[in-house]
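Analysis of the macromolecular model
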Amino acid sequence: LPAGILFRANKQSIDVKASLVDSGKLKAIISLPSMKSGTSVGVQLMVISNTPSEKIRFINATMYQQSSQKKNDINGDIALPDELIAKIVNSINSSESEEEFAVSVDAETIKTNEYNLMPATYIPVKREEDSTTIEEVNNQLADLYKQLFG
């Protein structure tokens, strides 16, 4: 699926997502890294089950973008490594939270978020903060300007 479908907030989109969530048939949403060489467009998978569940599993595997992928064919398609596939499959059937990778969310929380189904909404990813101040950047720019123009 294109990512826009998972977070779009128009009436038709919300109605479809609400039906899937409220029926309990939506088992998991998986965000994968780009599967095509030369593009950064991610892939979203929706896992639907006939067995109703109370929670939806969100998996964010986008952090495995370049480091763990290998080229699959001459068209530039990329295959996920077997270890990542196994981790995703095991995670779908788990209810345990996995830091920066997976979490199970109840329908009420999803409803509160206007049926936003993007895993990034529910799985916080830690980012290293840059402690550089504006003053330091300005000083570096001034030094660079002096070096270039005297």
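Quick look at the structure, then.

The rules we used
Residues numbered from 1 in each chain as written. Predicted model: local features only at pLDDT ≥ 70, side-chain atom pairs only at ≥ 80, totals over all residues. Heavy atoms only, no water. Buried < 20%, exposed > 50% of the residue type's maximum accessible area, 1.4 Å probe, protein only. Helix = DSSP H or I, 4+ residues; strand = E, 2+ residues; numbered from the N terminus. Pairing = 2+ DSSP bridges. Phe/Tyr/Trp six-rings, centres within 6.5 Å; stacked < 30°, edge-to-face > 60°. Lys NZ or Arg CZ within 6 Å of the ring centre and 35° of its normal. Axes fitted to C-alpha atoms, helices over the stretch in contact; angles between N-to-C directions. Polar contact = N/O pair within 3.5 Å; in protein donor to acceptor, adjacent residues only side chain to side chain. Core = buried A, V, L, I, M, F, W, Y, C linked by side-chain atoms within 4.5 Å. Contact = heavy atoms within 4.5 Å. Patch = residues over 30% accessible without salt bridge, like charges linked within 9 Å, V, L, I, M, F, W, Y side chains within 5 Å. Areas by Shrake-Rupley, 256 points an atom, 1.4 Å probe, with all protein chains shown as cover. Salt bridge = Lys/Arg side-chain N within 4 Å of Asp/Glu carboxyl O.

1. Regarding the pairing of strand β3 (residues 55–60)
Put simply, side chains in a regular strand alternate between the two faces of the sheet. The buried fraction of β3 amounts to 5 of the 6 residues, a majority that puts the element mostly inside the structure. Relative to β3, strand β1 (residues 26–32) runs parallel, the two sharing 4 bridges. If you follow isoleucine 30 over to β3, its bridge partner there is isoleucine 59. Both β3 and strand β6 (residues 102–106) contribute to a ladder of 5 bridges, which runs antiparallel. In the sheet register, isoleucine 59 faces β6, and the bridge partner there is alanine 102.

2. Topic: the packing of aromatic side chains
Enumeration according to the criterion identifies 2 aromatic pairs in this entry. The positively charged end of lysine 87 is found above the aromatic ring belonging to phenylalanine 101, 4.4 Å away from the centroid.

3. Overview of the sheet that holds strand β2 (residues 43–48)
Remark on secondary structure: sheet strands pair via backbone hydrogen bonds, oriented parallel or antiparallel. If you walk across this open sheet you meet the 4 strands as β2-β1-β3-β6, and the pairing is mixed. Two strands close off the open sheet at either side, each with one partner strand: β2 and β6. Shown here is a sheet whose adjacent strand axes are inclined to one another by a mean of 15°, direction ignored.

4. Regarding the side chain of serine 31
Within the secondary structure layout, serine 31 lies in strand β1. Here glutamine 44 takes part through its side chain, which lies 2.5 Å from a polar atom of the side chain of serine 31.

5. Here's the deal with the nonpolar core
Val21, Leu26, Phe58, Ile110 and Leu117 are the most contacted members of the largest nonpolar core, which has 14 residues in total. Of all the secondary-structure elements, those providing two or more residues to this core are α2 (11–23), β1, β3 and β6. No other element matches the 3 residues that α2 contributes to this core. Discounting residues that sit within four places of it in the chain, phenylalanine 58 has contacts with Ile29, Phe101, Ala102, Val103, Val105, Ile110, Leu117, Met118, Pro119, Tyr122 and Ile123.

6. So, the side chain of serine 104
Its place among the elements puts serine 104 in strand β6. A relative accessible area of 19% places serine 104 in the buried class. A polar side-chain atom of serine 104 sits 3.0 Å from a polar atom in the side chain of arginine 57. With residues up to four places along the chain from it excluded, the contact list for serine 104 reads Lys55, Ile56, Arg57, Ser94 and Ser95.

7. Here we look at a nonpolar patch on the surface
Together, Val137, Leu141, Leu144, Tyr145, Leu148 and Phe149 line one region of the surface with nonpolar side chains, adding up to about 650 Å² of accessible area. By the secondary structure assignment, valine 137 is in helix α6 (residues 134–149). On the basis of relative accessibility, which here comes to 35%, the residue valine 137 falls in the partly exposed class.

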